[in-house]
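Descriptive structure summary
These are the residues of each chain, in order.
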Amino acid sequence: MKRARGAGDDEQPPRQNGSTSRRKGDPEPVSNGDGGESAFDPGDLQDEDNDPGLRREIRSKYRDLINTIQQNREDMVSLSNNKLTEVLEEANKLFKDVRQAREAALDAQLLVVATDLGKEKASMLFSEGTAFDPAVYAEHLLSFMGLNRLEDADDEQQNGGVDGYLPQDAWHRLSRRAECCFRTAPSFHFMRGSFHAEPPPPKQRIERQRKAPGKEAKRIMPTQLKKMEDSHQDATVKEVERILAYLKGYHQDDPTTPISYYEFVIDPNSFSRTVENIFHTSFLVRDGLARMYLDEAKLPSIAPVEEDEVEAGGSCARKQGLVSINQKIWKELINAFEITETMIQPPSTQDE
Amino acid sequence: MTQRKRLSNTQIKRQSGTFVSQGDDDDTTFTQPSNTQVQRGLEKLTPSQVDQKTAEVVQYFLVKDQKKIPIRRADIVKHVVKEYRNIYPEIINRAAQTFDKVFGLKLVEIDTKNHLYILVNKLEAAERAPPIETPANPKTGLLFVILSVIFMKGGVVKENLIWNTLKKLRVDPGDRHEEFGDVKKVVTDEFVRQRYLEYMRIPHTEPVEHEFRWGQRAEIEVSKAKILEFVGELHEQDPQSWSQQYREAHAPQTPSQPGTSSQR
């Protein structure tokens, strides 16, 4: 069968070597010959050729042929034999029995593969002079690179197959010779390496400086804290003792007259001082150094506990009381009791 | 002079004066300013300013060329020329002259559509290995093998031919090579980006197959005659015995080959 155009050459190579039909067999005109590449005329089915076994056999033989070509590609392409032609003759014989689309499609595929090889084979001949065989070329290159072929079969581990030991500088040897073929511009590099500005060192210095003050600060902190805590505690204790002193003083001045609790704690000049006085006074009561009671007018009074009455742990009945005060009440108390001055002087060191 | 006019005539768009100092945006729309625009631009600048800018472009090229990846015009305009873009042709022209006279290099625009430049040596390589043994880059040898096979086989080869040939040389694209590392990447990515090779997909192939051709840089940088000479040496044959290749290697330089320094 004839394929008029270079069928199978989907991409036209830049060089057509005047290759015509490669089939040396007798071309047989077959009805479905022209539609060989793709779509087929399904009306060509004939009953006696519907035997599926035979069809399968034909297809299998085609596949074998295709495989043969593909597996032994280099062998086929070599100019030293006619194997490609033999395969094509084989296919030609097979084609006589082709009846169905599937087989013909395989035939077409075979043709594509074979044509490809044929083109390659022809291209090796295209130069009027000598052919160029990359396999031979590779051998020459290996020799140039210094392949030592005299080694024993022990070195078969070197990439299997080919014997011989390729030296370390094989590619360097080749490159040096090949460089002459290139007109490469030499690469430009700064002689002393690229230029880095100063930033890296200052960064380190800064970090160190920051770290140093931090450490010192931390050292100072604990000692200061201790002092402060002491002063806080001292302040409260001192304050309580001071108030106790006032209380005793007032009591001594007039032991019989009860001291009004409110008159005692309230500072008409400062609400906050009043609250502090209440706070400190409560310590006295808690510790049993002072006692609060209701006088005849049912008003709370406070009096120091006599020293011989002081009992740690408190055998006398203890009661708890809550004292709350806000500014409104504070003002009312001031008016009610007509408190004009404070009984507990504020400590001189405290800031109001 | 005539070349410059020809270049500006082929421009489709021409924004008269609107592109002057537009900042860093719209590099892709950079169009070659016309002759008169360049002249006008030059009048506003001092010679030393233009020299300074030219020197910067020269240095930019030299550093960018280290990797042998072509330099884009858009990058030059964006990073170096900047507000001097209205006199761009003049700057490039002067840079090319500097390369020519000072460095012995040729500034070539290998892609006039995408505006890519490379630097090529103006001087012919020494006859044999240079007297000073500089360490050779092994990739040169690898590239040479591929280019020579493509050339001897007529200019296009299927990728399998290259892989098979390399395998015979103990270079397997599937394995990691101790000199080249990822061989496939070097060949199909690095060499292609450097424009030494073209690696194109063949349509309608399943599984996908590719073809190798010489790249634009190879066409300018590599001497076919010298390749043929070396191949002849290896085969112990006269280069002329491959008459087709010989003719191609010794063909006179066609005008499309960018060879002059005034090419922008």
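**A few points about the overall build of chain B**
Counting its regular elements, chain B contains 11 helices and 8 strands. Every one of the 264 residues in chain B was classed for burial, and the buried ones make up 49%. Sequence separation of 24 or more characterises 60% of the internal contacts of chain B that already satisfy a separation of 6 or more.

**A closer look at the sheet that holds strand β2 (residues 290–294) of chain A**
Residues and elements named next belong to chain A. The strand order across the open sheet formed by 3 strands is β1-β3-β2, and the pairing between neighbours is antiparallel. Two strands close off the open sheet at either side, each with one partner strand: β1 (259–260) and β2. Two elements, β2 and strand β3 (residues 300–304), share 5 bridges in a ladder whose sense is antiparallel. Bridge pairing in β3 links L294 to P300.

**Digging into the side chain of T54(B)**
Residues and elements named next belong to chain B. Position of T54 among the secondary structure elements: in helix α3 (residues 47–64). Residue T54 is classed as buried on the basis of its relative accessible area, which comes to 6%. Beyond its immediate chain neighbours, meaning those up to four positions away, T54 contacts I91, R94, A95 and T98.

**Describing the packing of aromatic side chains**
All names here are of chain B. Under the defined criterion, the tally for this structure stands at 17 aromatic pairs over all chains. Ring centres of F61 and Y117 lie 5.8 Å apart, and the angle between their planes is 90°; this geometry places the pair in the edge-to-face category. A residue pair is termed long-range when its members are at least 10 positions apart, and F61 in helix α3 and Y117 in strand β3 (residues 116–121) qualify at 56 residues. The class for Y117 is buried, based on a relative accessible area of 1%. Ring geometry for Y199 against F212: centres 4.9 Å apart, planes inclined by 40°, an arrangement best described as tilted. Placement of Y199 in strand β7 (residues 197–201) and of F212 in strand β8 (residues 210–214) is noted, with a sequence separation of 13 residues between them. Classification of F212 by relative accessible area gives buried; the value is 0%. Members of the aromatic cluster, joined through ring pairs, are F61, F99, F103 and Y117.

**Examining the packing of helix α6 (residues 170–178) of chain A against helix α6 (residues 138–152) of chain B**
In contact at an axis separation of 7 Å, α6(A) and α6(B) are set at 70° when each is read in the N-to-C sense. With respect to α6(B), the element α6(A) is oriented roughly perpendicular. Here W171(A), H172(A), L174(A), S175(A) and A178(A) of α6(A) come into contact with α6(B), specifically with P138(B), K139(B), T140(B), G141(B), L142(B), F144(B) and V145(B).

**Quick word on the interface of chain A and chain B**
At the interface, 51 residues of chain A touch 69 residues of chain B. Buried surface at the junction of chain A and chain B, both sides included, amounts to about 5400 Å², of which 59% is carbon and sulfur. At the junction of chain A with chain B, the criterion picks out 2 salt bridges. With its nearest N and O atoms 3.0 Å apart, the salt bridge here joins E233(B) to R177(A). Taken together, the connections running from chain A to chain B amount to 16 residue pairs in polar contact (both at pLDDT 80 or more).

**A few points about unusual backbone geometry**
Phi is positive for K298(A), which is not a glycine, with a value near 60°. Summarising the element assignment, K298(A) is placed in the loop between β2 and β3. The phi angle at K82(B) is positive, at roughly 50°, despite the residue not being glycine. For K82(B), the location among the structural elements is in the loop between α4 (73–81) and α5 (88–103).

**Structural notes on the confidence of the model for chain B**
Residues and elements named next belong to chain B. Per-chain confidence: chain B averages 82 in pLDDT, with 81% of residues scoring 70 or above. Between residues 1–27, whose pLDDT stays under 50, and residues either more than four places distant or in other chains, the model counts 39 contacts. Taken together, the stretch residues 255–264 has pLDDT below 50 and engages in 26 contacts with residues farther than four places along the chain or on a different chain. Predicted complex, confidence summary: ipTM 0.77, pTM 0.53.

**Some details on helix α8 (residues 183–193) of chain B**
Residue and element names in this part refer to chain B. Along α8, the residues classified as buried are V183, V186, V187, T188 and F191. What you see down the axis of α8 is that its buried residues fit within an arc of 165°, all on one side. Of the surrounding elements, those touching the buried residues of α8 are α6, α7 (159–168), β5 (176–177), β6 (181–182), β7 and β8. One or two steps after α8, the chain reaches R195, where phi turns positive at roughly 70°.

**What about the packing of helix α1 (residues 52–71) of chain A against helix α3 (residues 83–95) of chain A?**
Residue and element names in this part refer to chain A. For the pair α1 and α3, the least separation of the axes is 11 Å and the interaxial angle reads 170°. By the criterion of interaxial angle, the relationship of α1 to α3 is roughly antiparallel. When the axes of α1 and α3 are compared, the crossing they make is left-handed. For the pair α1 and α3, contact is made by I58, K61, Y62, L65 and I69 and by L84, V87, E90, A91, L94 and F95, respectively.

**Thoughts on the pattern of salt bridges**
Scanning the entire structure with this criterion turns up 24 salt bridges over all chains. Put simply, R59(A) and E103(A) hold a salt bridge, and the shortest N to O gap is 3.9 Å. Residue R59(A) is found in helix α1, and its partner E103(A) is found in helix α4 (residues 101–125); the two are separated by 44 residues along the sequence. The shortest N-O distance in the salt bridge between E190(B) and K139(B) comes to 3.1 Å. Residue E190(B) is found in helix α8, and its partner K139(B) is found in helix α6; the two are separated by 51 residues along the sequence. Here the salt bridges do not stand alone but share partners, grouping E239(A), R242(A), R273(A) and E276(A) into one network.

**Points about the pairing of strand β2 (residues 105–111) of chain B**
Residue and element names in this part refer to chain B. Burial within β2 is extensive, with 7 of its 7 residues counted as buried. Two elements, β2 and β3, share 6 bridges in a ladder whose sense is antiparallel. Within β3, the residue paired with V108 across the bridge is I118. What sits between β2 and β3 in their antiparallel hairpin is a turn of 4 residues, with H115 showing a positive phi close to 55°.

**Considering the environment of A105(A)**
All names here are of chain A. By the element assignment, A105 lies in helix α4. With relative accessibility at 36%, the residue A105 sits in the partly exposed group. Note: C-alpha distance between A105 and Y62 (43 residues apart in sequence) is 9.9 Å.

**A closer look at the state of the cysteines**
Scanning the entire structure with this criterion turns up 0 disulfides over all chains. Sulfur of C181(A): no disulfide; nearest cysteine sulfur belongs to C180(A) and is 6.3 Å away.

Parameters and conventions
Residues numbered from 1 in each chain as written. Chains lettered and ligands numbered in written order. Predicted model: local features only at pLDDT ≥ 70, side-chain atom pairs only at ≥ 80, totals over all residues. Heavy atoms only, no water. Helix = DSSP H or I, 4+ residues; strand = E, 2+ residues; numbered from the N terminus. Buried < 20%, exposed > 50% of the residue type's maximum accessible area, 1.4 Å probe, protein only. Contact = heavy atoms within 4.5 Å. Pairing = 2+ DSSP bridges. Phe/Tyr/Trp six-rings, centres within 6.5 Å; stacked < 30°, edge-to-face > 60°. Axes fitted to C-alpha atoms, helices over the stretch in contact; angles between N-to-C directions. Parallel < 35°, antiparallel > 145°, perpendicular 65-115°, else oblique. Buried area = accessible area lost by both parts, 1.4 Å probe. Salt bridge = Lys/Arg side-chain N within 4 Å of Asp/Glu carboxyl O. Polar contact = N/O pair within 3.5 Å; in protein donor to acceptor, adjacent residues only side chain to side chain. pLDDT = per-residue confidence, 0-100. Arc of directions from axis to C-beta. Left-handed = near helix turned anticlockwise from the far one by under 90°. Disulfide = S-S within 2.5 Å.

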